[in-house]
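The lines below spell out each chain.
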Amino acid sequence: MANNAQLEVKNLKKYFPVPAGSLHAVDGVSFSIEAGKTLGVVGESGCGKSTLGRAVLGLNEATDGQVIFEGKDITHARGNAKKDMKKEMQIIFQDPYSSLDSRMNVQQLISEPLKINKITHGKEETEKKVKELMDIVGLASRFRLSYPHELDGGRRQRIGIARALSVEPKFIVCDEPVSALDVSIQAQILNLMMDLQEERGLTYIFITHNLSVVKHISDEIMVMYSGTMAEKCSCDELFENPLHPYTKGLLSAIPIPSIHVERNRIHMEGEVTSPINPKPGCRFASRCPYASEKCYSEMPETREVKAGHFVACHNLEAM
Amino acid sequence: MSLLEIKNLEIRFNTDAGVVHAVNGINLTIEEGESFGLVGETGAGKTTTALAILNLLQSPPAEIVSGEIIYKGQDILKMSKNKLREIRGEEISMIFQDPMTSLNPVMTIGEQIMEAVKYHSGKSAADAQLRMLEMLEKVRIPAERSYDYPHQFSGGMKQRVVIAEALAANPALLLADEPTTALDVTIQAQVLDMISSLQKENKTAMLLITHDLGVVAETCKRAAIMYAGEIVEIGTVEQIFDSTAHPYTKGLFNSIPSLDKKTDRLMPIRGLMPDPMDLPKGCKFAPRCPYADESCINECPPLKDLGEGHYCKCHHADKGAPLYFPDEKGNELAYEHGLPVSNPGNDFLGKGDGPNGK
C-alpha cells in the first residue's frame, strides 16, 4: 500500500471468547489512511465497525494483525509507548449521554485529559486552555460550570470533541459521533468536525451507519459486513459505481428525502448471519442474490479491481 | 367525514419543575386508508399526540387542556373506559419505537398475537390461532417460531411480530411511532415495505411518526411538520418537499447531507428548540429563524392557507424560496434579516452557541 500512509492496518482480527465459541467481530481487515483524510466506515449494527475503531486504538487489543501508526507498530503498545500513542490518537464516542462523567462539570471534564497528560501546569494555565478549547468547539464560556445533564446532546458532544482535542492529536476515531443527535444539531457537529479537520490537518476514521453522513464527510469509504471488508474505494466511486452486491443493496435501501427519485430497491432477504464460529465462505452468501457454490465454501479475497477500488467478491464477473 | 379529526388539541404536563407545554393547539385530519406522516425532532410533541389519540396519557402529570379527537364521529377524549378498550387494538392500534420493550418477555409471540384477536373478536382459541398463523405468514415469520419468546428474535423480526400483533384485529387506523428508528437500513427497508403493503391490502389508515424525511417521502401521501408542540406546515408530500413554505422545514432539508450532490458544508439551523417550559410568546421558531422580525417575536402566526390543502404557520411563508441566499461573494451564506446579531463571534454555520441559543 501507499508509503505516505499515516495509519496502516494489516489483516486486523479481533475475536471475543463467548460461551458458544469465538465471536469473530473483526476478521482480517486491512486498510491505510493518509494524513489529513477521512476514512468512513459504514455497516449495520454488529458488523464490527466499532470494534475495528477500538482495536485500532488498542482499547480492545487485537487478536491478530498489525496496526502501524507513522511507521511504529502500536498493536501491542504498553506503558510509555501507549501513553505517547494516546496523545496522538484519540476517540470521540457515540453517546454523549454515557461517555461523560455525570459528576464532573464542563471545566473538570475538559481539564481532566490536560492534567493526566501533563499538558498544562497549574490552575491558571489549565483554565486558560479549557477556555480556549471551549471556544474552539463552540461552547459558550457561561457553561464552564454546568454539568452534563444540564446540557443538550449537541453541547455534550462538543465536550467530547473538546476532550479529544485537548491532547492535540493527529488522528481521531469518531465512533458514530452524530447518531444520537437530531438532524439540525447533527449538521452543526458535522460542520464543526470538518472545520477542525481543515484547520488542524486531522485524520479521521468516521464510523457510522448513516450513508448520507458518511458521503458528506469522507474521502474514502469502507463498507463492512459481519467483520469483513466488503468494499473500499473513494467516496464518489462508491456511490457511482458500487460493485459488491451488499453495497448495492445497502445503497438502494436508503430512504431519500425527495419525491422525484426513482427507487429501484434491491431486496436483501434475511438478516446478518451470526459472527460466532462463522462458517467458511463469504459472510454475505446467505443473503446474496448472486451466491454460487464457491461463495459458501471459500472466503473471497480482496481484489483491487481499479486503482484504489477494493472489493471482496467471487462473482464480480458474473454480475 | 374524516376517519380521525384532531381539533385544537392542547396538552401539557404538570411537573414539579413547572408546566411543560407539549402540544399547543394542533389540528389535523386523517382520511380512511390514508398514510400520513408526522415529522419533527425530539421533543416536538409527536409521541404525545399519538398517545392522546389512544387516550393513553397518564393523568396526572398529563393534562388535556382543550381540544377534541373525533374518531368516526365520536370524541375519544370523552369516551368511557369500556368503550376505549373496544377501540384500542381493534379500531386503532399502535406500533412503538422499540420492539424489545413493547413485547412481553414471558409470553411466546404466538400467544401475544392471539391475545388481541381473542379479546376483540371473541373468536375461539382455534380460530384465533388460525388468524395468528395467517398474520405470521404475512410478516414472513415461519409458523414454527410462534412458540418462541421475544428474546429469541432479532430486532427486525421483533418489529415484524409487533406489526403482526398490531394488524391482527384489522384496525382502521394504525399509529406507527418511529417503527424503524431502532433498525438498520436494510431491515428498515424490509419493515417499511411490509407495513406499506399490509396497510394497502387492508385499507388501514396510518399515522407514521418519524424524524426521517426520507421515510416520509417513501411511505406517505400527506405530512405535517411539528415544532415545539405546533404543526408548522401541513400538506401533501409534493407540497412539503417541492414547495416548502416554512423556514423550519427548509432548515430541516438543509441539514440533511445530500446523496446526489457534494456540498462543502451543511446549513444547519442555529440554536436549539425552545424549552417547552418556557416557550417564546410569538412564533416558536422566531429565535432560530433568519426571517424573524418584530411581528414574529410579538405575535404567534396563524396557520395560513396556501391553497390546495397546504397550510403554513409563518408570517413570511414563501413557497419554494430558499432559506438562505448567497452573500456578495457568492458564498451560500446566511441571509440575516431583522434581528441584529449581538455577538459577532456567532457563526451561523453552526460553530456553536449563537446569541439566541440558551
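Shown above is the structure to which this text applies.
Model, not experiment: these values are computed from the prediction.

Caption draft 1: Fine view of the overall build of chain A. A count of helices and strands for chain A gives ten helices and twelve strands. Taking 2.2 N^0.38 as the reference for a compact globule, 319 residues should give roughly 20 Å; the C-alpha atoms of chain A span a radius of gyration of 21 Å, in line with that estimate. Over its C-alpha atoms, taken along the principal directions, chain A stretches across nearly 70 × 50 × 40 Å. A separation threshold of at least 6 residues defines the contact pool for chain A, and within that pool the share at least 24 residues apart is 64%. By element, 48% of the accessible surface of chain A is carried by carbon and sulfur atoms, the whole surface being about 13,900 Å². Computed over 38 positive and 41 negative side-chain charges, the separation of the two mean positions in chain A equals 5 Å.

Caption draft 2: Focus on the environment of Pro257(B). Structurally, the position occupied by Pro257(B) is in the loop between helix 10 (247-255) and helix 11 (294-298). For Pro257(B), a relative accessible area of 5% puts it in the buried group. The spatial distance from the C-alpha of Pro257(B) to the C-alpha of Met267(B) is 9.3 Å, given a sequence separation of ten residues. Setting aside anything within four residues of it in sequence, one finds Pro257(B) in contact with Gln186(A), Leu190(A), Ser212(A), Val213(A), His216(A) and Leu266(B).

Caption draft 3: Just the interface of chain A and chain B, in detail. In this complex, chain A contributes 50 residues to the contact, which on the side of chain B involves 51 residues. Between chain A and chain B, the buried area comes to about 4,200 Å², and carbon and sulfur atoms account for 50% of it. Where chain A packs against chain B, one counts zero salt bridges. Where chain A packs against chain B, one counts eight residue pairs in polar contact (both at pLDDT 80 or more). Mapped onto the side of chain A that touches chain B, the elements with two or more residues apiece are helix 5 (153-165), helix 6 (183-200), helix 7 (211-217), helix 8 (235-240) and helix 9 (245-253) of chain A. A total of twelve residues in the side of chain A that touches chain B trace back to one element, the largest contributor, which is helix 6 of chain A. By residue class, the composition of the side of chain A that touches chain B is 21 nonpolar, 13 polar and 16 charged.

Caption draft 4: How the structure looks around the sheet that holds strand 4 (residues 64-69) of chain A. All names here are of chain A. As summarised here, the arrangement of the four strands in space is 2-1-4-5, forming an open sheet in which the pairing is antiparallel. Every other strand in the sheet has two partners, leaving strand 2 (21-34) and strand 5 (72-73) as the edge strands with one partner each. When strand 4 meets strand 5, the two strands line up antiparallel, connected through two bridges. By the bridge assignment for strand 5, Ile68 is matched with Asp73. Helix 1 (residues 49-57) rests against strand 1 (5-18), strand 2 and strand 4 of the sheet, and its axis sits at about 115 degrees to strand 1.

Caption draft 5: Examining helix 5 (residues 125-138) of chain B more closely. Residues and elements named next belong to chain B. If you check helix 5, its first and last C-alpha atoms are 20 Å apart, about what 14 residues at 1.5 Å a residue would give, namely 20 Å. Of all the residues in helix 5, the buried ones are Ala128, Arg131, Met132, Met135 and Leu136. Buried residues in helix 5, looked at end-on, bunch into an arc of 140 degrees, giving them a common side. Seen from the buried face of helix 5, the exposed residues on the opposite side, beyond 90 degrees, are Leu130 and Glu137. Lining the buried residues of helix 5 we find helix 4 (109-121) and helix 6 (155-167). Of the residues one or two after helix 5, Arg140 is the one with positive phi, at around 55 degrees.

Caption draft 6: Here's a closer look at the sheet that holds strand 2 (residues 18-30) of chain B. Residues and elements named next belong to chain B. If you trace the four strands from one edge of the open sheet to the other, you get 2-1-4-5, paired in antiparallel fashion. A single partner strand is all that each edge strand has here, and the edge strands are strand 2 and strand 5 (74-75). Looking at chain direction, strand 1 (residues 4-15) and strand 4 (residues 62-71) are connected through eight bridges and run antiparallel. Bridge assignment links Lys7 to a residue of strand 4, and that residue is Glu68. The strands touched by helix 1 (residues 46-53) within the sheet are strand 1, strand 2 and strand 4, with strand 1 carrying the most contacts at an inclination of about 115 degrees.

Caption draft 7: Just the pairing of strand 3 (residues 38-42) of chain A, in detail. Residues and elements named next belong to chain A. Burial within strand 3 is extensive, with five of its five residues counted as buried. Every second residue of strand 3 is oriented toward a common face, with Thr38, Gly40 and Val42 on one face and Leu39 and Val41 on the other, all of them buried. Relative to strand 8 (residues 203-208), strand 3 runs parallel, the two being bridged by five bridges. What sits directly across from Val42, in strand 8, is Thr208.

Caption draft 8: Layout of the packing of aromatic side chains. Here the structure, examined in full by the defined rule, presents eight aromatic pairs over all chains. Here Tyr246(A) and Phe284(A) contribute two aromatic rings whose centre-to-centre distance is 5.2 Å and whose plane-to-plane angle is 65 degrees, an arrangement assigned as edge-to-face. A residue pair is termed long-range when its members are at least 10 positions apart, and Tyr246(A) in helix 9 and Phe284(A) in the loop between helix 9 and helix 10 (293-297) qualify at 38 residues. Just as Tyr246(A) is buried, Phe284(A) falls in that class too. An angle of 90 degrees between the planes, with centres 5.2 Å apart, marks the rings of Tyr227(B) and Phe285(B) as edge-to-face. Taken together, the residues span a long stretch of sequence, with Tyr227(B) in strand 9 (residues 222-227) and Phe285(B) in the loop between helix 10 and helix 11 at a distance of 58 residues. Residue Tyr227(B) shares its accessibility class with Phe285(B), and that shared class is buried. In this structure, Lys215(A) is placed above the aromatic ring of Phe239(A), and the distance from its NZ or CZ to the ring centre is 5.0 Å. Positioned above the aromatic ring of Phe153(B), the side-chain terminus of Arg145(B) is 4.1 Å from the ring centre.

Caption draft 9: Region of interest: the packing of helix 4 of chain B against helix 6 of chain B. Residues and elements named next belong to chain B. Where helix 4 contacts helix 6, the two axes come as close as 8 Å, and the packing angle between them is 25 degrees. When the axis of helix 4 is compared with that of helix 6, the two are roughly parallel. As for the relative orientation of helix 4 and helix 6, their crossing is right-handed in sense. Across the interface between the two elements, Ile109, Gln112 and Ile113 of helix 4 pack against Val161, Ala164 and Glu165 of helix 6. In the contact of helix 4 with helix 6, the residues fall into four nonpolar, one polar and one charged.

Caption draft 10: Structural detail: the nonpolar core. Of all hydrophobic cores here, the largest spans 98 residues; its most connected members are Leu28(B), Ile53(B), Ile92(B) and Leu173(B). Per-element tally for this core: the top contributor is helix 6 of chain B, with seven residues. In this structure, Leu173(B) is in contact with Leu3(B), Leu4(B), Ile30(B), Ile53(B), Tyr71(B), Glu91(B), Ile92(B), Ser93(B), Thr204(B), Ala205(B), Met206(B) and Leu207(B), ignoring residues within four places of it in sequence. In terms of nonpolar packing, the next biggest core, distinct from the first, is built from 38 residues, Leu109(A), Ile159(A), Ala162(A) and Leu196(A) among them.

Caption draft 11: Summary view of the pairing of strand 11 (residues 303-306) of chain A. Where strand 11 of chain A and strand 12 (residues 309-311) of chain A come together, three bridges link them in antiparallel fashion. Across the sheet, Arg303(A) pairs through a bridge with Val311(A), a residue of strand 12 of chain A.

Caption draft 12: Molecular detail of the side chain of Ser226(A). Residues and elements named next belong to chain A. For Ser226, the position within the fold is in the loop between strand 9 (220-225) and strand 10 (228-234). Among the residues examined, Ser226 registers a relative accessible area of 2% and is labelled buried. Every residue in contact with Ser226, bar those within four places of it in the chain, is listed here: Cys47, Val272, Thr273, Pro275 and Arg283.

Rules of the game
- Residues numbered from 1 in each chain as written.
- Chains lettered and ligands numbered in written order.
- Predicted model: local features only at pLDDT ≥ 70, side-chain atom pairs only at ≥ 80, totals over all residues.
- Heavy atoms only, no water.
- Helix = DSSP H or I, 4+ residues; strand = E, 2+ residues; numbered from the N terminus.
- Rg over C-alpha atoms; globule rule 2.2 N^0.38 Å.
- Contact = heavy atoms within 4.5 Å.
- Areas by Shrake-Rupley, 256 points an atom, 1.4 Å probe, with all protein chains shown as cover.
- Lys, Arg positive; Asp, Glu negative; His and termini not counted.
- Charge placed at Lys NZ, Arg CZ, Asp CG, Glu CD.
- Buried < 20%, exposed > 50% of the residue type's maximum accessible area, 1.4 Å probe, protein only.
- Buried area = accessible area lost by both parts, 1.4 Å probe.
- Salt bridge = Lys/Arg side-chain N within 4 Å of Asp/Glu carboxyl O.
- Polar contact = N/O pair within 3.5 Å; in protein donor to acceptor, adjacent residues only side chain to side chain.
- Nonpolar A, V, L, I, M, F, W, Y, C, P; charged D, E, K, R; others polar.
- Pairing = 2+ DSSP bridges.
- Axes fitted to C-alpha atoms, helices over the stretch in contact; angles between N-to-C directions.
- Expected span 1.5 Å × (residues − 1).
- Arc of directions from axis to C-beta.
- Phe/Tyr/Trp six-rings, centres within 6.5 Å; stacked < 30°, edge-to-face > 60°.
- Lys NZ or Arg CZ within 6 Å of the ring centre and 35° of its normal.
- Parallel < 35°, antiparallel > 145°, perpendicular 65-115°, else oblique.
- Left-handed = near helix turned anticlockwise from the far one by under 90°.
- Core = buried A, V, L, I, M, F, W, Y, C linked by side-chain atoms within 4.5 Å.

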